[in-house]
Amino acid sequence: MMGATTGEAAFSLRGLAKRFGDVRAVDGVSVEVSRGEVVALLGPNGAGKSTTIDLLLGLARPDAGEVRVFGGEPRAAVEHGRMAAMVQNGSLLRDMTAAEHVTLVRSTHQRPLPADEIMARAGITDFANRRCGKLSGGQQQRVRYAMALAGNPDLLVLDEPTAALDVEGRREFWASMREFAASGRTVVFATHYLAEAEDYADRVVLMRHGRIAADGPIARVRAAVAGRVLRAVVPGAPEAALAALPGVSTARLRGDRAELACADSDAAIRGLLAAFPLASDIEITAVGLEDAFLALTSDNAGITDNVDNADTVEPEGALR
Amino acid sequence: MNLTYLRLEILRIVRSPQFAIFTIGMPLVMFLLFGGLFGDTVLPNGTRSGVVTMMNMAAYGSMAGALFTGARVATERTEGWQRQLRVTPMRASSYLSVKVFSAMAMALPVVVVIFAAGMLRGEHLTAGQWVTALVSLWLGALPFAVLGLVAGLHGKGDTVGAVTGAMMLPLGMFGGLWMPLQMLPDWMGTIARFLPSYWLGALGRSPLTHEAGIGTAVLVLAAWLVVPALVVLRRFRLDTAKL
C-alpha cells in the first residue's frame with residue numbers, strides 16, 4: 001500500500017444526497033477518508049461519482065448531508081491550498097500557454113511550489129511554451145494535473161484523471177501520482193476502470209445508483225462481491241426448488257441446465273446432490289472481480305446474467 | 001485583484017487581435033465616413049459636426065469594447081474554464097474584477113485610436129479637452145463592462161455575442177451616438193435620457209459643448225453601474241451553487 005495512514009480524517013461525507021430533477025444522483029453517501037489513504041471511487045458512468053466529487057469539492061451543494069474537509073468547509077480547504085482537484089469538463093484557455101496556466105494558478109496560492117518543479121512533476125516541461133489550443137488531449141490533461149499540484153495540496157481529488165490519456169500517458173500519470181501519494185498525502189480518484197482501482201488504490205469505494213455498494217480494501221471488496229456459479233444438468237428439477245437450496249442466491253433453468261449463483265458453493269453442491277442425485281455435468285466457476293464488478297454495478301450484467309439481482313451476490317452488510 | 005491574471009488576460013486580447021480589430025474598426029470607419037461627409041458642418045451650438053461625430057464614435061467604441069467582454073465570459077463559462085478556476089483558491093470577486101478591468105483595457109485603445117484619427121483629420125482641441133474627454137469616455141465604459149458581465153453570466157457564448165450585438169443597436173441609436181437626437185422623434189429623446197449610452201456620449205461631448213450637467217451623467221452612469229453589479233454578484237453566487 002502506498003500511503004501511511006495517520007488515522008486523522010482528511011475528509012468525511014455524511015449522508016450526502018443530491019438530486020437533479022427526478023434523478024437521485026447521490027443518495028445517502030457516507031464515507032470517511034483518513035490522511036494518507038489512496039482511495040478509488042469506482043463505478044460505471046452515471047453511478048454518481050462525479051456528483052460526489054463535486055460535492056466534496058464544494059462545486060455543488062448537497063440537498064442533504066454534510067461535507068467536511070480537514071475539519072472545515074470544502075471551499076476553505078481549496079482556498080488554503082489544502083485540497084486541489086482535476087475536474088471533468090474543466091477546460092483550459094486555448095490562447096494561453098501551459099506555463100502561463102501554471103503561472104496563473106501559482107498566483108492564487110500563498111505558498112505555491114516552484115514553477116519548474118510543478119512542470120517537471122506533471123511532465124509538461126517539454127511543451128510548457130505551447131498554447132493549450134495546440135496540445136493533445138493527453139497533454140492538456142497533464143496541464144490540468146500541473147494546475148492541481150501547484151499549491152502542493154494535502155488532498156488531491158481526481159475525477160477520471162486518465163480519461164484522455166493513452167497507455168504510456170496513463171503509466172506516467174500513475175507513476176507521478178504514486179510519488180505524490182508516497183509523501184503521505186491523500187488521493188481520491190474516480191474511475192470506471194477496475195484495473196486502475198486494483199493497481200493504485202489502498203481502498204475502493206464502489207458506487208452504484210448514487211449509493212455505496214461496497215467500501216474497503218480491494219481484497220475485501222473482492223471477497224465480498226465475488227461469488228461462484230454452479231452449473232449442472234438437473235433433469236426435472238423445478239426452478240424454485242433449486243433456488244431454495246442452501247448457499248444458492250438465485251437459480252435459472254434453461255431446459256435441463258441449471259445455473260445457480262452461489263454465496264456458498266460448498267453448501268450448494270451438497271444440497272444439490274442430496275435433493276437431485278441425478279444431477280450431472282457439474283461445474284463450479286469463480287466469478288472474477290471484473291464480473292462481480294459488473295454484477296454489482298449494473299442491473300442485468302454481462303457474464304453473470306444468471307444473477308438477477310446484483311444485490312444477492314453481496315453478503316448482508318458485509319462492507320457497509 | 002489578481003494582477004498576474006489581469007496581465008495574462010490582456011495578453012490574450014493582444015494574441016487574438018481579430019476581435020479588437022473589429023471593435024476598433026467599426027466606429028473608426030463610421031467616424032471617417034460621417035466625419036468626412038458632414039465634418040465641416042457647424043452645428044447650431046457652434047461646434048463643428050466632425051468633432052461631435054468623433055466623440056460619439058469614441059463613446060460607441062468604448063461602450064462596445066467594454067460590453068463585448070460578456071461574450072468572452074460566457075464562452076469561458078460554457079467551456080468549463082470557470083469550473084477549472086473554482087478548484088483554485090481564486091475568489092469569484094477576483095475573477096469578476098479581472099474581467100471588468102480587462103474590459104476596460106479593451107475600451108481604452110478604441111478611444112485612443114479614434115482620437116488619433118481625429119487629430120490626423122485636423123480636429124482641434126486643447127490638451128485639457130483631449131485628456132478630459134479621453135478619461136471620461138474611458139471611465140464611462142465601466143457600467144458597460146459590468147452590463148457585459150451580466151449578459152456573460154446568463155447565456156451561452158454564441159448567444160451572448162448575438163445578444164450583445166443586438167444591445168448595441170438601441171444603445172447606439174437611441175443614445176444619440178449614431179445621429180443627433182434632434183433628428184429623431186421626441187419619444188426617442190425621452191428614452192435616451194434613461195440610457196447609459198446617451199450619458200456616455202454627453203460626457204464625451206461635454207468638454208466642447210457643455211451641453212449636459214456632468215453631475216447628471218455621472219449619476220445615471222453610476223446607477224447603471226450599481227444595479228448590474230448587484231445582479232452579477234447575486235448571479236455568481238447562484239451559479240456556483242448550481243454547477
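Quick caveat: nothing in here was measured; it's all calculated off a predicted structure. (Residues numbered from 1 in each chain as written. Chains lettered and ligands numbered in written order. Predicted model: local features only at pLDDT ≥ 70, side-chain atom pairs only at ≥ 80, totals over all residues.)

1. Some remarks on the overall build of chain B
The condition that has to hold: Here a strand is any run of E in DSSP of at least two residues, a helix any run of H or I of at least four, and the numbering for each starts at the N terminus. Throughout, radius of gyration means the C-alpha value; the globule benchmark is 2.2 Å times the number of residues raised to the power 0.38. Note on contacts: residues are paired as contacts if their backbone-placed C-beta atoms lie within 7 Å.
From N to C terminus, chain B includes 12 helices and zero strands. The order of α-helices and β-strands along chain B, N terminus first, is α-α-α-α-α-α-α-α-α-α-α-α. Taken over C-alpha atoms, the radius of gyration comes to 18 Å for chain B, in line with the 18 Å a tight globule of 243 residues would show. For chain B, the C-alpha atoms occupy an extent of roughly 60 × 35 × 30 Å along the three principal directions. Taking as baseline every contact in chain B between residues at least 6 positions apart, the subset at least 24 positions apart corresponds to 78%.

2. Quick notes on the interface of chain A and chain B
The following threshold applies: Any residue that is not Ala, Val, Leu, Ile, Met, Phe, Trp, Tyr, Cys, Pro, Asp, Glu, Lys or Arg is counted as polar, Gly included; the first ten are nonpolar and the last four charged.
Contact with chain A, which involves 24 residues of that partner, is made by 19 residues of chain B. Residue assignment for the side of chain A that touches chain B shows that the elements contributing at least two residues are helix H2 (74-79), strand S5 (83-86) and helix H3 (98-107) of chain A. Looking at the side of chain A that touches chain B residue by residue, the classes come out as 11 nonpolar, nine polar and four charged.

3. Structural notes on the nonpolar core
The cut-off we apply is this: For this analysis, nonpolar core means a set of buried Ala, Val, Leu, Ile, Met, Phe, Trp, Tyr and Cys residues linked through C-beta atoms within 7 Å. Residue burial here comes from a neighbour count, namely the number of other C-beta atoms, placed from the backbone, that lie within 10 Å of the residue's own C-beta, with 20 or more meaning buried, 12 or fewer meaning exposed, and in between meaning partly exposed.
If you look at the biggest cluster of nonpolar residues, it comprises 82 residues, and the most contacted ones within it are Ala-146 and Val-157 of chain A. A total of six residues in this core trace back to one element, the largest contributor, which is helix H5 (residues 137-149) of chain A. In this view, Val-157 of chain A contacts Ile-53, Leu-56, Leu-57, Met-83, Ala-85 and Val-188 of chain A; residues no more than four positions away in its chain are not counted. One finds Val-52, Val-111, Leu-147 and Ala-202 of chain B within the second-largest nonpolar core, a separate group that totals 60 residues.

4. Description of the packing of helix H3 (residues 49-67) of chain B against helix H8 (residues 142-152) of chain B
All names here are of chain B. Stated formally: Fitted lines through C-alpha atoms give the axes, limited to the stretch in contact for helices. The angle between two N-to-C directions lies from 0 to 180 degrees. Here is the rule for handedness: rotate from the far helix to the near one, and if that takes an anticlockwise turn smaller than a right angle the crossing is left-handed, while a clockwise turn gives right-handed.
H8 packs onto H3 with a crossing angle of 35° between their chain directions and a minimal axis gap of 7 Å. Relative to H8, H3 is oriented so that their crossing is right-handed. Facing Met-63, Ala-66 and Leu-67 of H3, the residues of H8 in contact are Phe-144, Ala-145, Leu-147 and Gly-148. For the contact of H3 with H8, a count of residues per class yields six nonpolar, one polar and no charged.

5. What to know about helix H7 (residues 127-139) of chain B
All names here are of chain B. Here is the rule: For a helix, the expected span equals 1.5 Å multiplied by the number of residues minus one.
Its 13 residues place the ends of H7 18 Å apart at the C-alpha level, agreeing with the 18 Å of an ideal helix rising 1.5 Å per residue. All of the buried residues along H7 are Ala-133, Ser-136, Leu-137 and Trp-138. Where the residues of H7 are buried, they touch H3, helix H6 (92-120) and helix H11 (196-209).

6. Section: the environment of Arg-231 of chain A
Residue and element names in this part refer to chain A. For Arg-231, the location among the structural elements is in strand S10 (residues 228-233). Residues Arg-231 and Ser-280, spaced 49 residues apart in sequence, show a C-alpha to C-alpha distance of 9.2 Å. Those residues within four positions of Arg-231 in sequence are excluded, and the remaining contacts are Arg-257, Glu-259 and Glu-283.

7. A few points about helix H4 (residues 69-79) of chain B
All names here are of chain B. Judged by how many residues are buried, H4 sits mostly within the fold: eight of 11 residues are covered. Buried within H4 are the following residues: Thr-69, Gly-70, Ala-71, Arg-72, Val-73, Ala-74, Glu-76 and Arg-77. Against H3, helix H5 (81-86), H6, H8 and helix H9 (157-174) lie the buried residues of H4. Of the residues trailing H4, Gly-80 is marked for its positive phi of about 110°.

8. Re the sheet that holds strand S2 (residues 23-34) of chain A
Residues and elements named next belong to chain A. To keep things clear, this is the line we draw: We treat two strands as partners when DSSP finds at least two bridges between them.
The three strands are arranged S2-S1-S4 in an open sheet whose pairing can be described as antiparallel. Strands with a single pairing partner mark the edges of an open sheet, and in this sheet they are S2 and strand S4 (64-69). Mean inter-strand twist for the sheet, computed between neighbouring axes without regard to direction, equals 15°. By the bridge criterion, nine bridges tie strand S1 (residues 9-20) to S2 in an arrangement that is antiparallel. Note that in S2 the partner of Ser-12 across the bridge is Glu-32. Along the sheet, helix H1 (residues 49-57) contacts S1, S2 and S4; its crossing angle with S1, the most-contacted strand, is approximately 120°.

9. Focus: the sheet that holds strand S8 (residues 203-208) of chain A
All names here are of chain A. Taken together, the six strands give an open sheet; going across it, the order is S5-S6-S7-S3-S8-S9, and neighbouring strands pair in mixed fashion. Of all strands in the sheet, those bounded by a partner on one side alone are S5 and strand S9 (211-217). This sheet shows a mean twist of 15° between the axes of neighbouring strands, independent of strand direction. Examined bridge by bridge, S8 and S9 share six bridges and lie antiparallel to one another.

10. Details of the UniProt feature "transmembrane region" (unreviewed entry) in chain B
Residue and element names in this part refer to chain B. For the record, the criterion: UniProt positions are given in the numbering used here, feature names are shortened, and annotations may be inferred rather than shown by experiment.
In the numbering adopted here, UniProt assigns the feature "transmembrane region" (unreviewed entry) to residues 20-38, 58-75, 96-118, 130-153, 160-179 and 212-233. In the segment residues 96-118, helix accounts for 100% and strand for 0%; the C-alpha atoms at its two ends are 34 Å apart. Within residues 130-153, the helical portion is 88% and the strand portion 0%, while the C-alpha atoms at the span's ends are 35 Å from each other.

11. Observations concerning the packing of H3 of chain A against helix H1 (residues 3-15) of chain B
Two measures define how a pair of helices packs: the angle their axes make with one another and the distance between the axes. Filter applied, for reference: We call two directions roughly parallel when the angle between them is under 35 degrees, roughly antiparallel when it is over 145, roughly perpendicular when it lies between 65 and 115, and oblique otherwise.
The N-to-C vectors of H3 of chain A and H1 of chain B enclose an angle of 150°; their axes lie 8 Å apart at closest approach. Here H3 of chain A lies roughly antiparallel to H1 of chain B, going by the angle between them. Contact residues: Glu-100, Thr-103, Leu-104 and Ser-107 of chain A in H3 of chain A; Thr-4, Tyr-5 and Leu-8 of chain B in H1 of chain B.

12. Structural notes on the pairing of strand S13 (residues 280-286) of chain A
Residue and element names in this part refer to chain A. By the criterion of burial, S13 is predominantly exposed, with just zero of the seven residues buried. Inspection of the sheet shows S10 paired to S13 by five bridges, in the antiparallel sense. By the bridge assignment for S13, Leu-230 is matched with Ile-284.

13. Notes on the UniProt feature "domain: ABC-2 type transporter transmembrane" (unreviewed entry) in chain B
Listed under "domain: ABC-2 type transporter transmembrane" (unreviewed entry) in the UniProt record, and renumbered for this structure, are residues 6-200 of chain B. Taken end to end, residues 6-200 of chain B is 77% helix and 0% strand, and its first and last C-alpha atoms sit 25 Å apart.

14. Some details on the confidence of the model for chain A
Residues and elements named next belong to chain A. Stated precisely, the cut-off is as follows: pLDDT expresses, on a scale from 0 to 100, how confident the predictor is about each individual residue.
For chain A, the mean per-residue pLDDT works out to 84, and 85% of the residues sit at or above 70. Per-element averaging of pLDDT across chain A places helix H11 (residues 289-297) at the bottom with 61 and H3 at the top with 97. Overall, residues 300-320 carries pLDDT values under 50, and its contacts beyond four positions in sequence, including any with other chains, amount to 50 contacts.

15. Structural notes on the confidence of the model for chain B
The share of residues in chain B with pLDDT of 70 or more is 95%, and the mean pLDDT across the chain is 87. The ipTM value of the predicted complex is 0.87, and its pTM value is 0.80.

16. So, the domain arrangement of chain A
Using the following cut-off: In this entry, domain limits derive from an automatic or database-based domain assignment.
The domain architecture assigned to chain A consists of domain 1 (9-221) and domain 2 (228-286). For domain 1 of chain A and domain 2 of chain A, the distance between their C-alpha centroids amounts to 45 Å.

17. Focus on the pairing of strand S11 (residues 248-254) of chain A
All names here are of chain A. Pairing of S11 with strand S12 (residues 257-262), which is carried by six bridges, proceeds in the antiparallel orientation. Bridge assignment links Val-248 to a residue of S12, and that residue is Cys-262. Connecting the antiparallel pair S11 and S12 is a turn made up of two residues, with Gly-255 showing a positive phi of about 65°.

18. Here we look at the environment of Gly-25 of chain B
As for its placement among the helices and strands, Gly-25 of chain B is situated in helix H2 (residues 17-38). Along the sequence, Gly-25 of chain B and Ile-114 of chain B sit 89 residues apart, while their C-alpha atoms lie 9.4 Å from each other.

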